[in-house]
Amino acid sequence: NAGVTQTPKFRVLKTGQSMTLLCAQDMNHEYMYWYRQDPGMGLRLIHYSVGEGTTAKGEVPDGYNVSRLKKQNFLLGLESAAPSQTSVYFCASREDSRPYEQYFGPGTRLTVT
Amino acid sequence: DQQVKQNSPSLSVQEGRISILNCDYTNSMFDYFLWYKKYPAEGPTFLISISSIKDKNEDGRFTVFLNKSAKHLSLHIVPSQPGDSAVYFCAAITGGTSGTYKYIFGTGTRLKVLA
């Protein structure tokens, strides 16, 4: 069991460039989440999905899009990166019966210059 | 507004002693409270939870206490070990059903256990 994996681990973008972060889980979880973590702040929810083919906005969705075409994958897209999107991005998943236990990936450190 | 607050950014404790990490919240409608632990360059890992209808939950060396009248919860680690050195996030869940649950995280407390 790999758990939750994230690709890539690090990335540097120039302002205006686009990229996609990939999250994959092998635990057959229905729920998947994308968070960002910034210095001095807690994890903030960007978007989430309650099942294959569904997505919903979280607390800070502006500038991001997501897709959940397959149950095991949750993609986070930045169409036109801005320096304010410099952050560490975490993906998480959980099963329906245990809402308190999210399984997190190792994170992607993104720098936008 | 910060609904879940961890007012101590860091804490140092001697090995073998008790570590107490604190968290305050403002929303009385939270359903669960959680603690996650995070090591550098890794994602957070779930540690322990407590339902809003309980006042204590224990799992080995870790105990979480919930004081609803004070809107305060705390995590006790006894005895503290050097491997417990990490950042601890307090979090809360709100929302009516599993599909609509929202997770609110605190800013974290860095615990250092001194050998």
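The structure this text deals with has already been given above.
Reading guide: rules and limits
- Residues numbered from 1 in each chain as written.
- Chains lettered and ligands numbered in written order.
- Predicted model: local features only at pLDDT ≥ 70, side-chain atom pairs only at ≥ 80, totals over all residues.
- Heavy atoms only, no water.
- Helix = DSSP H or I, 4+ residues; strand = E, 2+ residues; numbered from the N terminus.
- Contact = heavy atoms within 4.5 Å.
- Buried area = accessible area lost by both parts, 1.4 Å probe.
- Salt bridge = Lys/Arg side-chain N within 4 Å of Asp/Glu carboxyl O.
- Polar contact = N/O pair within 3.5 Å; in protein donor to acceptor, adjacent residues only side chain to side chain.
- Nonpolar A, V, L, I, M, F, W, Y, C, P; charged D, E, K, R; others polar.
- Core = buried A, V, L, I, M, F, W, Y, C linked by side-chain atoms within 4.5 Å.
- Buried < 20%, exposed > 50% of the residue type's maximum accessible area, 1.4 Å probe, protein only.
- Disulfide = S-S within 2.5 Å.
- Pairing = 2+ DSSP bridges.

Trainee: Describe the environment of Ser80 of chain A, listing the residues and the values that go with them.
Mentor: Residue and element names in this part refer to chain A. Position of Ser80 among the secondary structure elements: in the loop between strand 8 (73-78) and strand 9 (87-94). The sequence separation of Ser80 and Ser18 amounts to 62 residues, and the corresponding C-alpha distance is 5.2 Å. Beyond its immediate stretch of four places on either side in the chain, Ser80 contacts Gly16, Gln17 and Gln85.

Trainee: Describe in detail the interface of chain B and chain A, supporting the description with residues and values.
Mentor: The interface of chain B with chain A comprises 20 residues on the first partner and 20 residues on the second. Roughly 1,700 Å² is buried in total at the junction of chain B and chain A, and carbon and sulfur atoms are behind 59% of that figure. The tally of links from chain B across to chain A stands at zero salt bridges. Taken together, the connections running from chain B to chain A amount to five residue pairs in polar contact (both at pLDDT 80 or more). Mapped by element, the contributors of at least two residues to the side of chain B that touches chain A are strand 4 (32-38), strand 5 (45-51), strand 9 (86-94) and strand 10 (102-105) of chain B. Among the elements that line the side of chain B that touches chain A, the one with the most residues is strand 4 of chain B, at four residues. Taken together, the residues of the side of chain B that touches chain A break down into 11 nonpolar, six polar and three charged.

Trainee: Please set out the nonpolar core residue by residue, giving values where relevant.
Mentor: All names here are of chain B. Ranked by size, the top nonpolar core spans 24 residues in total, and within it Phe33, Trp35, Leu73, Leu75 and Tyr88 carry the most contacts. Within the residue set of this core, elements represented by two or more residues are strand 3 (19-25), strand 4, strand 5, strand 7 (62-67), strand 8 (72-77), strand 9 and strand 11 (109-114). When residues of this core are assigned to their parent elements, the largest contribution, four residues, is made by strand 9. The residues touching Phe33, leaving out its near neighbours within four places in the chain, are Tyr25, Ile48, Ser49, Ile50, Ser52, Leu66, Leu73, Ala91 and Ala92.

Trainee: Let's hear about the state of the cysteines: which residues, and what values?
Mentor: A full pass over the atoms with the stated rule returns two disulfides over all chains. Through a disulfide, Cys23 of chain A is tied to Cys91 of chain A; the S-S separation comes to 1.8 Å. Disulfide Cys23 of chain A to Cys91 of chain A: torsion about the S-S bond roughly -75°, handedness left-handed. Highlighted residues: Cys23 of chain A in strand 3 (residues 19-25) and Cys91 of chain A in strand 9, separated in sequence by 68 residues. Neither residue differs from the other here; Cys23 of chain A and Cys91 of chain A are each classed as buried. Residue Cys23 of chain B pairs covalently with Cys90 of chain B via a disulfide, S to S 2.0 Å. Its torsion about the S-S bond being -75°, the disulfide of Cys23 of chain B and Cys90 of chain B is classed as left-handed.

Trainee: I'd like a rundown of the sheet that holds strand 3 of chain B, residues and numbers included.
Mentor: All names here are of chain B. Pairing is antiparallel in the open sheet, where five strands are placed in the order 1-3-8-7-6. The open sheet has two free edges, formed respectively by strand 1 (4-5) and strand 6 (56-59), since each of these has just one partner strand. Of the pairings in the sheet, the one linking strand 1 to strand 3 comprises two bridges and is antiparallel in character. Within the sheet, the bridge partner assigned to Lys5 lies in strand 3 and is Asp24.

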